Amino acid sequence: MKRLIAICLSALPAPLPVQSVPRPEPIEVVTVTDGASPGTASLYGNGESFITDLKVTVKFKFYAPYDIKLEDGYSPFMSVFDFGAQDKLLFCSSQTGGSGGYGNYTVYRLKKRSYELLYDDKTNSKNEKFVAVFQPDGFMLINSAAASLSVSVDYMDDFYYDKIFAPDGSLKGEQPNVNDISFVSPALNPASGIYRLLTYRSVAAVAEANRLGYIVQTLDFDGNTFTPSFTEFSIGF
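Residues numbered from 1 in each chain as written. Predicted model: local features only at pLDDT ≥ 70, side-chain atom pairs only at ≥ 80, totals over all residues. Heavy atoms only, no water.

Looking only at helices and strands, the protein features three helices and 15 strands. For the protein, with 237 residues in total, the buried portion stands at 39%. In the protein, 40% of the contacts between residues at least 6 apart in sequence involve partners at least 24 apart. By element, 55% of the accessible surface of the protein is carried by carbon and sulfur atoms, the whole surface being about 13600 Å². (Helix = DSSP H or I, 4+ residues; strand = E, 2+ residues; numbered from the N terminus. Buried < 20%, exposed > 50% of the residue type's maximum accessible area, 1.4 Å probe, protein only. Contact = heavy atoms within 4.5 Å. Areas by Shrake-Rupley, 256 points an atom, 1.4 Å probe, with all protein chains shown as cover.)

Printed below as a string of structure tokens:
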């Protein structure tokens, strides 16, 4: 009987590969402008959970439409925000679904014939570097090209704290790690009515589970690029 069961199981057909579910309708449609010319930006992708083939199709009347290829991911999002430019800018995001809660974040200026990439979180992570080092007696120093910040980390769980600091306050050798940007969000400045970008990158030590907090940067748009105007360290997200 056991031999018969093995033969029957081996004869079963292999499972069919999971195919991406096509989406004929756009996920999202927003109105865009290039000066006095109105247009639309439509977000397309395939799938029900993890969305593949993500793209934005931009259409202006009397002009040929064009596509912007986006990174695939979960929960794709697209909207326009007033960052202080002549026209509202297009903000796009999707989530990778991996550990650490990382996403894909971009901002575009749309024109009738083409587009301009104004912000990308991967480029921001590469160009805006931070280095963190522990200091004796329960402190951490965060350095960037522009400034430095000293943070007390005595709120850390004792299990991890004791792996970093000796009873006399001296260092054991463990050092913190500053991760790439994991989250970006437009944020309204109520005083001006203009949006900014907030970026978050986590700082961990010993293990990713031991997150000490987040380096939070506020980026303002100067007409050409998003540049940091304020940097802080947040213990909570």
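From this point on, the discussion continues.
What follows covers the packing of aromatic side chains. Under the defined criterion, the tally for this structure stands at 17 aromatic pairs. Geometrically, the ring pair formed by F81 and F83 is tilted, given 6.2 Å between the ring centres and 55° between the ring planes. Just as F81 is buried, F83 falls in that class too. (Phe/Tyr/Trp six-rings, centres within 6.5 Å; stacked < 30°, edge-to-face > 60°.)

So, about unusual backbone geometry. Phi angles above zero are rare outside glycine, and F62 is one such case at about 75°. Relative to the assigned elements, F62 resides in the loop between β3 (50-60) and β4 (66-69).

As a further point, take the sheet that holds strand β12 (residues 177-189). Taking strand neighbours across the sheet as the criterion, the four strands line up as β12-β13-β14-β15 in an open arrangement whose pairing is antiparallel. The strands lining the two open edges of the sheet, one partner per strand, are β12 and β15 (226-234). Shown here is a sheet whose adjacent strand axes are inclined to one another by a mean of 25°, direction ignored. Where strand β14 (residues 207-221) and β15 come together, eight bridges link them in antiparallel fashion. Across the sheet, the residue bridging to Y214 is S234, located in β15. (Pairing = 2+ DSSP bridges. Axes fitted to C-alpha atoms, helices over the stretch in contact; angles between N-to-C directions.)

What follows concerns the pairing of β3. With seven bridges joining them, strand β2 (residues 37-46) and β3 adopt antiparallel strand pairing. Following the sheet pairing, L43 is matched in β3 by V56. One ladder, built from two bridges, connects β3 with strand β5 (residues 73-81); its direction is antiparallel. Considered in β5, the bridge of I51 is made with G73. With four bridges connecting them, β3 and β4 associate as antiparallel partners. Bridged to V56 within β4 is I68.

The next subject is the sheet that holds strand β10 (residues 139-144). The sheet built from three strands is open, its strands ordered β9-β10-β11 with antiparallel pairing. Either end of the sheet is taken by a strand with one partner, and the two such strands are β9 (130-135) and β11 (148-152). Between one strand and the next, the sheet's axes are offset by a mean angle of 20°, whatever the strand orientation. Direction of pairing for β10 relative to β11: antiparallel, over a ladder of five bridges. Each bridged residue has a counterpart across the sheet, and for N143 the counterpart in β11 is S148.

What follows is about the pattern of salt bridges. Within the structure shown, the criterion is met by eight salt bridges. Linking K112 and D34 is a salt bridge whose minimum nitrogen-to-oxygen distance equals 3.2 Å. In this pair, K112 sits in the loop between β7 (103-110) and β8 (115-120) while D34 sits in strand β1 (residues 28-34), placing the two residues 78 residues apart along the sequence. Each member of the pair, K112 as well as D34, carries the same accessibility label: buried. Residue D220 is joined to R196 by a salt bridge in which the shortest nitrogen-to-oxygen separation is 2.8 Å. Taken as a pair, D220 in strand β14 and R196 in strand β13 (residues 194-205) lie far apart in primary sequence, 24 residues in all. Residue classification places D220 among the partly exposed residues on the basis of a relative accessible area of 24%. Since its relative accessible area comes to 28%, R196 is described here as partly exposed. Members of the salt-bridge network, linked through shared partners, are D34, K111 and K112. (Salt bridge = Lys/Arg side-chain N within 4 Å of Asp/Glu carboxyl O.)

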